[in-house]
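# Architecture and fold: a report
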Amino acid sequence: IDKEWNCALIGVGNLGKALLSHREFRERRFHIVAAFDSDPFKIGEKVMGLEVTDSNKIKETVAALNVRIGIITTPPERTQRAANQFVEAGLKALLNYAPARISVPDDVHVEYVDFLHHFYSLAFNLSGRVR
């Protein structure tokens, strides 16, 4: 991790906005340079200095901004579509915060962020200690 990484986020809801405002990404050389959504009420909105762009413009934006990593924070029913759009734009690395599994080609790497997994882990550890 010795270089800068341009990232794009799709799904500018509460979680997406929280990630856009997270300063540590930039400090660790991960720069979210584009934000996308399909909601017409969000398109054009400014969030942390980024204008939310229509998700139909992912392909040209990813190429123009040299995006290498896609971040998915969509509702579960839109997750596969978001993944497809990023893959069609040429991305080979996706970070999926949505509570849904996605299908991608073998050469695309996906990391899942599953908040419930951490709750289960905590509950499991507590249940062994609480009598």
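Okay, so let's go over this structure. Being a predicted model, the structure only gives us computed values, none of them experimental. (Residues numbered from 1 in each chain as written. Predicted model: local features only at pLDDT ≥ 70, side-chain atom pairs only at ≥ 80, totals over all residues. Heavy atoms only, no water.)

## Concerning the overall build of the protein chain
Put simply, the rule is: Every helix listed is a DSSP run of H or I at least four residues long, and every strand listed is a run of E at least two residues long, numbered separately from the N terminus. With a 1.4 Å probe rolled over the protein chains alone, any residue whose accessible area is under 20% of its type maximum counts as buried; one over 50% counts as exposed, and the rest are partly exposed.
When helices and strands are tallied, the protein chain shows five helices and seven strands. Its helices and strands taken in sequence order, the protein chain reads β-α-α-β-β-β-α-β-α-β-β-α from the N to the C terminus. If one aligns the C-alpha atoms of the protein chain with their principal axes, the spans along those axes are about 55 × 35 × 35 Å. Across the 131 residues that make up the protein chain, the buried fraction comes to 34%.

## With respect to the environment of D37
The line we're drawing: Any pair of residues with heavy atoms lying within 4.5 Å of one another is described as a contacting pair. Polar contact criterion, stated in full: a pair of N or O atoms within 3.5 Å, where within protein one must be able to donate a hydrogen and the other to accept it, and residues adjacent in sequence count only if both atoms are side-chain atoms.
Checked against the element boundaries, D37 lands in strand β2 (residues 30–37). Distance from D37 to V52, taken between C-alpha atoms, is 6.6 Å for residues 15 residues apart in sequence. Among all residues touching D37, those that are not within four sequence positions of it are G11, V12, G13, K42, I43, V52, T53, D54 and S55. Polar side-chain contacts of D37 include one of 2.7 Å to the backbone nitrogen of V12. At 2.9 Å, the side chain of D37 forms a polar contact with the backbone nitrogen of D39.

## Describing the sheet that holds strand β1 (residues 5–10)
Applicable threshold: Strands were regarded as paired on the criterion that DSSP finds at least two bridges between them. Think of each axis as a best-fit line through the C-alpha atoms, taken over the contacting stretch in the case of a helix, with angles from 0 to 180 degrees between the N-to-C directions.
Read across the open sheet, the seven strands follow the order β3-β4-β2-β1-β5-β6-β7; overall the sheet is mixed. Only two strands of the sheet have a single neighbouring strand rather than two, namely β3 (46–47) and β7 (109–112). Packing of helix α4 (residues 79–88) onto the sheet brings it into contact with β1, β5 (69–72) and β6 (93–96), and relative to β5 it is tilted by some 170°.

## A closer look at the nonpolar core
In globular proteins that are soluble, nonpolar side chains generally tend to be buried together. Rules: Grouping buried Ala, Val, Leu, Ile, Met, Phe, Trp, Tyr and Cys residues that are joined through side-chain atoms within 4.5 Å yields what is termed a nonpolar core.
Counting residues in each nonpolar core, the largest one holds 18 residues, and the members touching the most others are I10, I58, I72, F86 and L94. Of all the secondary structure elements, the ones that give two or more residues to this core are β1, β2, α3 (58–64) and α4. Take this core: its biggest share by element is three residues, from α4. Filtering out sequence-adjacent residues up to four positions away, I10 remains in contact with F36, S55, I58, I71, I72, T73, T74, A82, Q85 and F86. Among the nonpolar cores identified, the runner-up in size contains 14 residues, and C7, L19, I32 and I69 belong to it.

## A few points about the packing of aromatic side chains
Cut-off, in case you're wondering: Here a Phe, Tyr or Trp ring, Trp counted by its six-membered ring, pairs with any other such ring whose centre lies within 6.5 Å, and the pair is stacked when the planes are under 30 degrees apart, edge-to-face when over 60, and tilted otherwise. We count a charge as sitting over a ring when the NZ of a lysine or the CZ of an arginine lies within 6 Å of the ring centre and within 35 degrees of the ring normal.
Enumeration over the complete set of coordinates arrives at one aromatic pair. A centroid spacing of 6.2 Å and a plane angle of 35° characterise the contact between Y97 and F115, whose relative ring orientation is tilted. One end of the pair, Y97, is in the loop between β6 and β7; the other, F115, is in helix α5 (residues 115–129), and 18 residues separate them in sequence. The class of Y97 is buried, set by a relative accessible area of 13%. Sitting above the plane of the W5 ring, K3 keeps its charged end 4.6 Å from the centroid.

## Observations concerning the pairing of β5
One face of the sheet, then the other: side chains in a regular strand alternate in exactly this way. Defined as follows: Here is how to tell: hold the view so the strands point away, follow the path from the first strand over the helix to the second, and if it runs clockwise the crossover is right-handed.
Covered by surrounding structure in β5 are I69 and I71 together with G70 and I72, the residues of both alternating faces. As defined by bridge partners, β1 adjoins β5 across four bridges and the pair is classed as parallel. Residue pairing for β5: I10 is matched across the bridge by I72. Alignment of β5 against β6, held across three bridges, turns out to be parallel. Each residue of the ladder has a partner; that of I72, found in β6, is N96. You can see the chain leave β5, run along α4 and come back into β6, and the turn it takes is right-handed.

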